[in-house]
Amino acid sequence: MIRTNKAITNTFIIGGLTNLSVLIFSKFFNNPIIAEFDRDIMSNFGLLMIVIWGLAYISVSKNFHKVKWLVSVFALEKFIYGCVWIKWLLNHNLSEVYAKDTMAGLFYSVYGINDWIFCFFFIWVFIKVTKGKIK
């Protein structure tokens, strides 16, 4: 159980750090190409909110078992971003993004994969905590 909790704590931290990686892709909010391809979701404000979500994951990493409903909110948030990413991919051409900026292209290539992975992770944690298998 202790080993499981440590692994989950570390995964929450990794999830937070992957959200913080938006700072690198956005060149610390100085990459206009990311916002150019999705002004609604990936504006600098939107990217800042991704950073804030990442900090939230890190903030509960050691006490996730006490905030199961917040973990379910994390899962919902990741689900929404994952769906937005799929919709984006279906309506845009990644090669156009790469042609303008490699970092923006990499960002649009991977951000949804990250969201789906952590969506399922948060769902799994929620279920385990709800069933009392993690304390």
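All values derive from a computational prediction rather than experimental measurement.

(A) Molecular detail of the environment of Val-73. Within the element layout of this structure, Val-73 appears in helix H5 (residues 68-91). Between the C-alpha atoms of Val-73 and Phe-122, which are 49 residues apart in sequence, the distance is 8.7 Å.

(B) Quick peek at H5. The end-to-end C-alpha distance of H5 is 35 Å, a good match for the 34 Å that 24 residues give at a rise of 1.5 Å each. Within H5, burial applies to Val-71, Phe-74, Ala-75, Glu-77, Lys-78, Tyr-81, Gly-82, Trp-85 and Trp-88.

(C) Just a nonpolar patch on the surface, in detail. A cluster of nonpolar residues, Phe-45, Leu-48, Ile-52 and Leu-55, forms a patch on the protein surface that exposes about 380 Å² of accessible area. Summarising the element assignment, Phe-45 is placed in helix H4 (residues 44-59).

(D) Structural view of the side chain of Lys-78. In this fold, Lys-78 is placed in helix H5. Residue class for Lys-78 comes out buried when judged on its relative accessible area of 1%. Every residue in contact with Lys-78, bar those within four places of it in the chain, is listed here: Asn-19, Tyr-57, Asn-114, Asp-115, Phe-118, Cys-119 and Phe-122.

(E) Expanded view of the packing of H5 against helix H7 (residues 102-130). Contact geometry for H5 and H7: axes closest at 8 Å, N-to-C directions at 155°. Taken as axis vectors, H5 and H7 run roughly antiparallel relative to one another. Classified by chirality, the crossing of H7 by H5 is left-handed. Among the residues making up the contact of H5 with H7, the classes are represented as 23 nonpolar, six polar and three charged.

(F) Structural view of the environment of Val-22. Tracing the chain through its elements places Val-22 in helix H2 (residues 22-25). Residues Val-22 and Lys-68, spaced 46 residues apart in sequence, show a C-alpha to C-alpha distance of 26 Å. Dropping the residues within four chain positions of it, Val-22 is found in contact with Leu-47, Ile-50, Val-51 and Phe-107.

(G) Inspection of the packing of aromatic side chains at higher detail. This structure, assessed with the given rule, holds 20 aromatic pairs. On the basis of an interplanar angle of 75° and a centroid distance of 4.8 Å, the ring pair of Tyr-57 and Phe-74 is categorised as edge-to-face. One end of the pair, Tyr-57, is in helix H4; the other, Phe-74, is in helix H5, with 17 residues separating them in the sequence. Judged on exposure class, the residue Tyr-57 and its partner Phe-74 are both buried. Arranged with centres 6.1 Å apart and planes meeting at 80°, the rings of Phe-118 and Phe-121 form a pair that is edge-to-face. Of this pair, Phe-118 and Phe-121 both sit in helix H7, separated by three residues, roughly a single helical turn.

What counts and what doesn't
Residues numbered from 1 in each chain as written. Predicted model: local features only at pLDDT ≥ 70, side-chain atom pairs only at ≥ 80, totals over all residues. Heavy atoms only, no water. Helix = DSSP H or I, 4+ residues; strand = E, 2+ residues; numbered from the N terminus. Expected span 1.5 Å × (residues − 1). Buried < 20%, exposed > 50% of the residue type's maximum accessible area, 1.4 Å probe, protein only. Patch = residues over 30% accessible without salt bridge, like charges linked within 9 Å, V, L, I, M, F, W, Y side chains within 5 Å. Areas by Shrake-Rupley, 256 points an atom, 1.4 Å probe, with all protein chains shown as cover. Salt bridge = Lys/Arg side-chain N within 4 Å of Asp/Glu carboxyl O. Contact = heavy atoms within 4.5 Å. Axes fitted to C-alpha atoms, helices over the stretch in contact; angles between N-to-C directions. Parallel < 35°, antiparallel > 145°, perpendicular 65-115°, else oblique. Left-handed = near helix turned anticlockwise from the far one by under 90°. Nonpolar A, V, L, I, M, F, W, Y, C, P; charged D, E, K, R; others polar. Phe/Tyr/Trp six-rings, centres within 6.5 Å; stacked < 30°, edge-to-face > 60°.

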